[in-house]
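# Overview (structure and organization)
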Amino acid sequence: MAADFKAFKGDYQELVDEISELLGVPATLENRDFELIAFGAYDSDDELDPTALDPVRTRSILTRRSTATVRAWFEGFGITRATGPVRIPPSTEAGVYRGRICLPVRHRGVVLGYVWLLEGDPGPTDAQLAAAMEVAGRIGALLADEAEAGAGLSRELRAVLTAERGWQRDMAVAELRTALGPRADGPLTLVCVAPWPSADPDDAPATRTIPHAAALCTLPWGTSGQSLAVLVRLRTTEVSAPVQTAAARLLKEAEGARGASGSAARGAGARVAAAAAAGVTGPAGAAGAAAGAGCAVGIGDPRIGLADLGTVWQEASAAARAALAEPRFGPVVEWARIGPYRLLTALPPQAAHDPVVGALLSPAHRELTRTAEVYLDCAGQAGRTAAELGIHRQTLYYRLSRVEQLTGLDLDDGEDRLLLHMALKRARL
């Protein structure tokens, strides 16, 4: 259970290099989701040939994954069912300038990945391909071992994050510490990706595909969705670069999962722009529009060791909720940077809507809601608020008086302002 994923990675590279040497051509290993695991560069004139780096191979190496279109094209040749080498012809339309030989990587009858070879002249002999298939079988056993180890860590991480405080959580932490070994005692944090695009609880990226990840699992999100929890190793609690790298990768994984399920994947910048274009500035419509625009990544405060993982998860999921509610935070946000949402996300569900703002939050008063929130965000400064909204001061004063009539609050009173501001921000969640 304490499998070292770095060791797995090194073993894959050695096996891919072995196939490259056996056949005298470059080999590439991908998992069954067409995510790059390792590639071997064989020292030959082929590597000087620009056609060896066709768009499909270049993308696979640079981005470490293939598109859903490329995946469907290759799978159309029956590679998911094949038990022996499959020859695939070149296709300029598909961006495949060189023919391929696919060696399916199987273990106990289940396809776990593919070894890709560039066709040459002369091509490999049947004896060479048979030897390469034997190596592919060893890769399959290694992939199966890694999947088993990753599944174990997922179960143990999930147990820690879902256990109640007390002896149950203490036992779960102890088991996770044993599974992680020395990695459990260093600086760590948790990342929450929500909502995770796939409804399948087992549909999560492999741990080795996420930089600095030690373990990951899926957890329920809302009434029917799920989130992805990722335990990330840090060099120190003061340096956030590793977790930011992991967060960027997770956004790409989420978009890939969305694309694979047939939904349109959009970049982080496009999600924020779409939310802004939809007028997502008032609480009445913000949460729904932001959630529909994609997912968010929340990052908890770093800790040393595993003892406080439950708290770190609460921080990470709170940060993700805040990012979904407030487009200005961007798709990735640290818990320390969400300001008043640190308190608002901790409120129980029944405190979601204070009755005083019920009438104000109706669709008919969306403009008044936005006016009130911008006014409070501008610390009650009428000039700044009018400029922000692009309206005349007299229009602002009229709208504010309507807000007071609807809520019964006095906007000259500090406590009334605080209540309204909190209620509007909480409504976003």
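Residues numbered from 1 in each chain as written. Predicted model: local features only at pLDDT ≥ 70, side-chain atom pairs only at ≥ 80, totals over all residues. Heavy atoms only, no water.

### Quick look at the packing of helix H11 (residues 366–377) against helix H14 (residues 414–428)
Between H11 and H14, whose axes approach to 10 Å, the crossing angle comes to 120 degrees. Comparing their axes, H14 and H11 come out oblique. Here the hand of the crossing between H11 and H14 comes out left-handed. Where H11 approaches H14, its residues Thr-369, Ala-372, Glu-373, Tyr-375, Leu-376 and Asp-377 are matched on the opposing element by Arg-417, Leu-420, His-421, Leu-424, Lys-425 and Arg-428. (Axes fitted to C-alpha atoms, helices over the stretch in contact; angles between N-to-C directions. Helix = DSSP H or I, 4+ residues; strand = E, 2+ residues; numbered from the N terminus. Parallel < 35°, antiparallel > 145°, perpendicular 65-115°, else oblique. Left-handed = near helix turned anticlockwise from the far one by under 90°. Contact = heavy atoms within 4.5 Å.)

### Concerning a negative patch on the surface
Residues Asp-11, Glu-14, Asp-17 and Glu-21 make up a contiguous surface patch of negative charge. Topologically, Asp-11 is positioned in helix H1 (residues 5–23). (Patch = residues over 30% accessible without salt bridge, like charges linked within 9 Å, V, L, I, M, F, W, Y side chains within 5 Å. Areas by Shrake-Rupley, 256 points an atom, 1.4 Å probe, with all protein chains shown as cover. Salt bridge = Lys/Arg side-chain N within 4 Å of Asp/Glu carboxyl O. Lys, Arg positive; Asp, Glu negative; His and termini not counted. Charge placed at Lys NZ, Arg CZ, Asp CG, Glu CD.)

### Quick notes on the sheet that holds strand E5 (residues 110–118)
In space, the five strands of this open sheet follow the order E2-E1-E5-E4-E3, with antiparallel pairing throughout. Two strands in the sheet have a free side with no partner beyond their single neighbour: strand E2 (36–40) and strand E3 (86–88). Shown here is a sheet whose adjacent strand axes are inclined to one another by a mean of 25 degrees, direction ignored. Both strand E4 (residues 100–107) and E5 contribute to a ladder of eight bridges, which runs antiparallel. Bridge pairing links Pro-104 to Tyr-114 in E5. (Pairing = 2+ DSSP bridges.)

### Side note on the state of the cysteines
Taken as a whole, this structure holds zero disulfides when the rule is applied. Not part of a disulfide, Cys-192 finds its nearest cysteine sulfur in Cys-295, a span of 9.6 Å. (Disulfide = S-S within 2.5 Å.)

### Concerning the pattern of salt bridges
Opposite charge on two side chains allows them to pair when their charged atoms are near. Summed over the entire model, instances satisfying the criterion amount to 15 salt bridges. Of the charged contacts, one joins Arg-249 and Glu-253 as a salt bridge, the two residues approaching to 2.9 Å between their closest N and O atoms. Here the residue Arg-249 and the residue Glu-253 both occupy positions in helix H6 (residues 241–260), the gap between them amounting to four residues, near one helical turn. Accessibility classification places Arg-249 together with Glu-253 in one group, the buried group. (Buried < 20%, exposed > 50% of the residue type's maximum accessible area, 1.4 Å probe, protein only.)

### Things to note about the pairing of strand E1 (residues 27–31)
In terms of residue burial, E1 counts as a mostly covered element, since five of its five residues are buried. Here E1 shows two buried faces, one formed by Ala-27, Leu-29 and Asn-31 and the other by Thr-28 and Glu-30. By the bridge criterion, four bridges tie E1 to E2 in an arrangement that is antiparallel. Within the sheet, the bridge partner assigned to Glu-30 lies in E2 and is Leu-36. Counting the residues between successive antiparallel strands, the hairpin from E1 to E2 contains four residues, one of them, Phe-34, with a positive phi of roughly 65 degrees. Across five bridges, the pairing between E1 and E5 is antiparallel. Along E5, the bridge assignment pairs Ala-27 with Leu-117.

### Structural notes on the environment of Asp-413
Within the secondary structure layout, Asp-413 lies in the loop between helix H13 (393–407) and H14. On the accessibility criterion, Asp-413 (33% relative accessible area) is partly exposed. Among the polar contacts listed, one links the side chain of Asp-413 to the backbone nitrogen of Glu-415, at a separation of 3.0 Å. (Polar contact = N/O pair within 3.5 Å; in protein donor to acceptor, adjacent residues only side chain to side chain.)

### Observations concerning the confidence of the model for the chain
Put simply, the chain has an average pLDDT of 81, and 81% of its residues get 70 or more. Across residues 1–7 the pLDDT falls below 50, and counting only partners more than four positions away or on other chains, this stretch makes 18 contacts in the model. Scored below 50 in pLDDT, residues 43–51 shows nine contacts in the model against residues more than four places distant or in partner chains. (pLDDT = per-residue confidence, 0-100.)

### Quick look at the packing of aromatic side chains
Taken as a whole, this structure holds seven aromatic pairs when the rule is applied. The interplanar angle of 50 degrees and the centroid separation of 6.0 Å between the aromatic rings of Phe-34 and Trp-116 together place this pair among those described as tilted. Taken together, the residues Phe-34 in the loop between E1 and E2 and Trp-116 in strand E5 connect sequence positions 82 residues apart. For Phe-34, a relative accessible area of 1% corresponds to the buried category. (Phe/Tyr/Trp six-rings, centres within 6.5 Å; stacked < 30°, edge-to-face > 60°.)

### Overview of unusual backbone geometry
Geometrically, the link from Ala-194 to Pro-195 is a cis peptide bond, its omega value of -15 degrees lying close to zero. Mapped onto the elements, Pro-195 comes out in the loop between strand E6 (187–194) and strand E7 (213–221). Although it is not a glycine, His-212 adopts a positive phi angle of roughly 70 degrees. Inspection of the secondary structure assignment puts His-212 in the loop between E6 and E7. The exposure class of His-212 is partly exposed, given its relative accessible area of 30%. We note that Ala-379 has phi near 60 degrees; this positive angle belongs to a residue other than glycine. You can see Ala-379 is positioned in the loop between H11 and helix H12 (382–389). Looking at Ala-379, the relative accessible area reads 52%, which means it is exposed.

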